[in-house]
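The primary structure of each chain is shown beneath.
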Amino acid sequence: MATTHFKNTDWIVVWDEEAQSHSYLRNGDLVFTDNEITFVGKDYNGDADTVIDGSGLCLIPGFVDIHAHPASEVFYRGIREDHSVPEHYMTGLYERSCAYSIDREDLKHGAEVSYADLMRSGVTTLVDITFPYPGWVDVMERGGLRMFAAPGFNTATWYRDNVHQLKYNEDIAKGEKDFETALGLIDELRAHPCGRLNGIVSPVQIDNNTDEILVASHAAAKERGIPWTTHASQSVVEFNIMLERHGKTPIQYLADLGLVGVGTILGHAMLIDDNSWIGWHSKTDLKLLGDSHTAVAHCPTPFMRYGTTMEDFGRYRDAGVVMGIGTDTIPHNYIEDMRYAAVLARVASHNGHAARTADVFHAGTVGGANALMRDDLGRLAVGAKADIVVLDCTHPVMMPLRDPLASLIHSAAERAVKDVYIDGRQTVKDHECLTLDREQAVARVAEGQVRMEASVETRDYAKRTSLDIAPLSLPLATH
Ligand SMILES: [Zn+2]
């Protein structure tokens, strides 16, 4: 049993169980033994193996990222930032998914880079939605994150043969087989001796799965007492396709199948019936989500790049939706995503109070933990897991240090994240990841991106190159 004591710490964000909210403790102590917090308060006078001087530090709970695709998305750095398809109401998702493909052997390097970057921005718990690939379990073991692995399966895949339509290749047998494989992996991870690996059942997109497999997979999650997640209401295209198939919005469809409620996490439930991009006559979706306390993984970054956003964070929260935040894609910087969540809510609602700094911090910690049905994550409290982020309050971008969370979220972001502990083990020290070789993995990702781009011309329906689809920000000079 090893005990670590942060002594006389300038600031600690402590959890008030009664008020169900965070507050600041000045000049306090925090102690953890092995993987559990054993003391938060003033003047600890017990023993400790390690005593850390807390002057100049702020301790916050580690962030709970409830939606990301870390293995694959890093390969799109430099490709997706300006990529939008007007014929798909601006989302570039379908065009990229159909035209680009990453070698399965390269994916573990992507995970290695992204896990390191996520931890360096304060993430300690990660929902990793991916189609299983060689080396995934190994990098989860080595990385040190508290993992909620979501091995994906689908009974259909997207394809395109023209610019405006999205079409589907159905292969139900493959989807069922992949579903069984996913359950096997989830059960294996949950039995892993490290105790840090968990699972989520994840049919990847609602439009790519049959009613039967959605219902059966949800039942499999319930049976295990674990969450269930899928992408739903993530684009106007998907919304319209679900309407055409079922005469219902994606959220109405899920509700009618009994798939909303506690334990369901929807990425991204953003293009719902009353969103201004949709303009559908029914106005039921938000109420269906809120009344059932469904969780929504709000990932502002990819959508804002297309010119779309949730309308709005504050309204969802007030309706009763369990709001959590995900990074989804590059740069895998959780703190920037909290900033965007706050700012975009204010812009979308024309209301500077729609999402305060405390609201997005709550979503990034306890909100995510609630979505995962875990009351021992996302908070600094006795009995909670020792998932702790140490901020450097003396960093110039944090100063003047009047309000640490305001400085962190609106100015400093990951630059203030000095150290990270997950399950009581230090994974980031002086801003660098201790568990993974980020530099080496980045080089492998760069090589993988070259291979990925080389095959675009043969995969794209219009036989375009990657440069045609996603031109550089500036043309290459010819003289
Ligand atoms: Zn996603």
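Only a predicted model underlies this, so the values are computations on that prediction, with no experimental measurement involved. Starting from 1, residues in each chain are numbered consecutively following that chain's sequence as written. Side-chain atom pairs in this predicted model are given and counted only at pLDDT of 80 or more, local residue features only at pLDDT of at least 70, and totals for whole chains, interfaces and linings cover all residues. Where side-chain values are given, they derive from all heavy atoms of the structure, hydrogens and water being excluded.

Chemist: Just checking my understanding: could you explain the domain arrangement of the protein for this structure?
Modeler: Put simply, an interface is often sized by how much accessible area is lost when its parts join up. Under the domain assignment used here, the protein contains domain 1 (3–61 + 381–430) and domain 2 (65–371). Working rule for contacts: check all heavy atoms of both residues, and any pair within 4.5 Å makes them a contact. Contact residues are listed per partner, giving 25 residues for domain 1 and 27 residues for domain 2. Of the roughly 2000 Å² buried at the junction of domain 1 and domain 2 (both faces included), carbon and sulfur atoms supply 66%. In this description, buried area is defined as the sum, over both parts, of the accessible area (probe of 1.4 Å) that is lost when the two are combined. For the domain 1 face of the interface with domain 2, the top three residues by lost area are Ile409, His410 and Ile422, together amounting to 29%. Note that Arg146 and Asp423 form a salt bridge whose closest N and O atoms lie 2.8 Å from each other. N or O atoms closer than or at 3.5 Å make up a polar contact, with two conditions inside protein: a donor-capable atom paired with an acceptor-capable one, and, for residues adjacent in sequence, both atoms drawn from side chains. Inspection of the region where domain 1 meets domain 2 yields six residue pairs in polar contact (both at pLDDT 80 or more). The helix and strand labels rest on DSSP assignments: H or I over at least four residues marks a helix, E over at least two residues marks a strand, and numbering proceeds from the N terminus. Residue assignment for the side of domain 1 that touches domain 2 shows that the elements contributing at least two residues are β1 (3–16), β5 (57–61), α14 (404–412), β18 (417–422) and β19 (425–429). Top contributing element to the side of domain 1 that touches domain 2 by residue count: α14, with six residues. The residue inventory of the side of domain 1 that touches domain 2, partitioned by class, reads 15 nonpolar, five polar and five charged. Here the bounds of each domain stem from an automatic or database domain assignment. Any Lys or Arg side-chain nitrogen located within 4 Å of an Asp or Glu carboxyl oxygen qualifies as a salt bridge. Three residue categories are used. Nonpolar comprises Ala, Val, Leu, Ile, Met, Phe, Trp, Tyr, Cys and Pro, charged comprises Asp, Glu, Lys and Arg, and polar comprises the others, including Gly.

Chemist: Please explain the coordination of the zinc ion as it appears in this structure.
Modeler: When a metal holds four donors in a tetrahedron, each ideal angle between them is 109.5 degrees; when it holds six in an octahedron, the ideal angles are 90 or 180 degrees. Only N, O and S atoms count as donors, using a 2.8 Å limit from the metal and a wider 3.2 Å limit for Na, K and Ca, and since water is excluded some coordination spheres may look unfilled. Protein-derived coordination of the zinc ion comes from His67 (NE2), His69 (NE2) and His231 (NE2), at a distance range of 2.0 to 2.2 Å. When the donor residues of the zinc ion are listed from N- to C-terminus, their spacing reads H-x1-H-x161-H. Taken together, the residues His67 in strand β6 (residues 63–68) and His231 in strand β13 (residues 228–232) connect sequence positions 164 residues apart. With relative accessibility at 0%, the residue His67 sits in the buried group. The classification of residues rests on relative accessible area computed with a 1.4 Å probe and restricted to protein chains. Under 20% of the type maximum is buried, over 50% is exposed, and intermediate values are partly exposed.

Chemist: Which parts of the structure should I look at to understand a nonpolar patch on the surface?
Modeler: Without a salt bridge and with relative accessible area above 30%, a residue can belong to a patch; like charges are then joined within 9 Å and nonpolar side chains (Val, Leu, Ile, Met, Phe, Trp, Tyr) within 5 Å. Areas reported here follow the Shrake-Rupley algorithm with a probe of radius 1.4 Å; residue values treat only the protein chains shown as occluding. Together, Leu467, Leu472 and Leu476 make up an exposed nonpolar region whose accessible area comes to about 330 Å². With respect to the helices and strands, the residue Leu476 is situated in the segment after α17 (466–469). A relative accessible area of 68% means that Leu476 is categorised as exposed.

Chemist: Looking at this model, I keep getting lost on the pattern of salt bridges. Mind explaining?
Modeler: A pair can form between side chains of opposite charge whenever their charged atoms are brought close. According to the stated counting rule, one finds 27 salt bridges in the structure shown. Among the salt bridges present, the one from Asp138 reaches Arg142, with a minimum N-O distance of 3.1 Å. Residue Asp138 and its partner Arg142 are located together in helix α4 (residues 136–143), separated by four residues, close to a single helical turn. On the basis of relative accessibility, which here comes to 36%, the residue Asp138 falls in the partly exposed class. For Arg142, a relative accessible area of 34% translates into the label partly exposed. Between Arg438 and Glu439 there is a salt bridge, and its shortest N-O distance comes to 3.8 Å.

Chemist: Whenever I open this one, the side chain of Asn162 confuses me. Can you help?
Modeler: Along the chain, Asn162 falls in the loop between β9 (156–159) and β10 (167–170). A distance of 3.2 Å separates the side chain of Asn162 from the side chain of Asp161, its partner in a polar contact. Of note is the side chain of Asn162, whose polar atom sits 2.9 Å from the backbone nitrogen of His164. What Asn162 contacts, discounting residues up to four positions off in sequence, is Lys167 and Tyr461.

Chemist: Teacher, can you tell me more about the pairing of strand β16 (residues 322–325) here?
Modeler: It is a general feature of regular strands that their side chains alternate between the two faces of the sheet. Of the two faces of β16, the one lined by Val322 and Gly324 and the one lined by Met323 and Ile325 are each fully buried. Pairing of strand β15 (residues 295–298) with β16 involves four bridges; the strand directions are parallel. By the bridge assignment for β16, Val296 is matched with Met323. Here, any two strands with at least 2 DSSP bridges between them count as paired.

Chemist: Just checking my understanding: could you explain helix α15 (residues 438–454) for this structure?
Modeler: Because the α-helix completes a turn every 3.6 residues, residues three or four places apart line up on one side. An expected span of 1.5 Å times one less than the residue number is assigned to each helix. The first and last C-alpha atoms of α15 sit 24 Å apart over 17 residues, in line with the 24 Å expected at 1.5 Å per residue. Among the residues of α15, those classed as buried are Ala441, Val445, Gly448, Gln449 and Met452. Seen from one end, α15 has its buried residues packed into an arc of 110°, which puts them on one side. The exposed residues of α15 that point more than 90 degrees off its buried face are Glu439, Val450 and Ala454. In this structure, the buried residues of α15 make contact with α3 (107–120) and α16 (456–459). Picture the helix axis, draw a direction to every C-beta atom, and the arc is the one those directions span.

Chemist: Teacher, can you tell me more about the nonpolar core here?
Modeler: Side chains of nonpolar character tend, in soluble globular proteins, to be buried together. Ranked by internal contacts, the top residues of the largest apolar core, which has 106 residues, are Ile60, Tyr115 and Leu408. Sort the elements by how many residues they give to this core and α3 lands first, with seven residues. Composition of this core by domain shows at least three residues from each of domain 1 (3–61 + 381–430) and domain 2 (65–371). Dropping the residues within four chain positions of it, Leu408 is found in contact with Ile60, Phe63, Ile335, Leu391, Met398, Ala413 and Ala416. The set of buried Ala, Val, Leu, Ile, Met, Phe, Trp, Tyr and Cys residues whose side-chain atoms join them within 4.5 Å is what this entry labels a nonpolar core.

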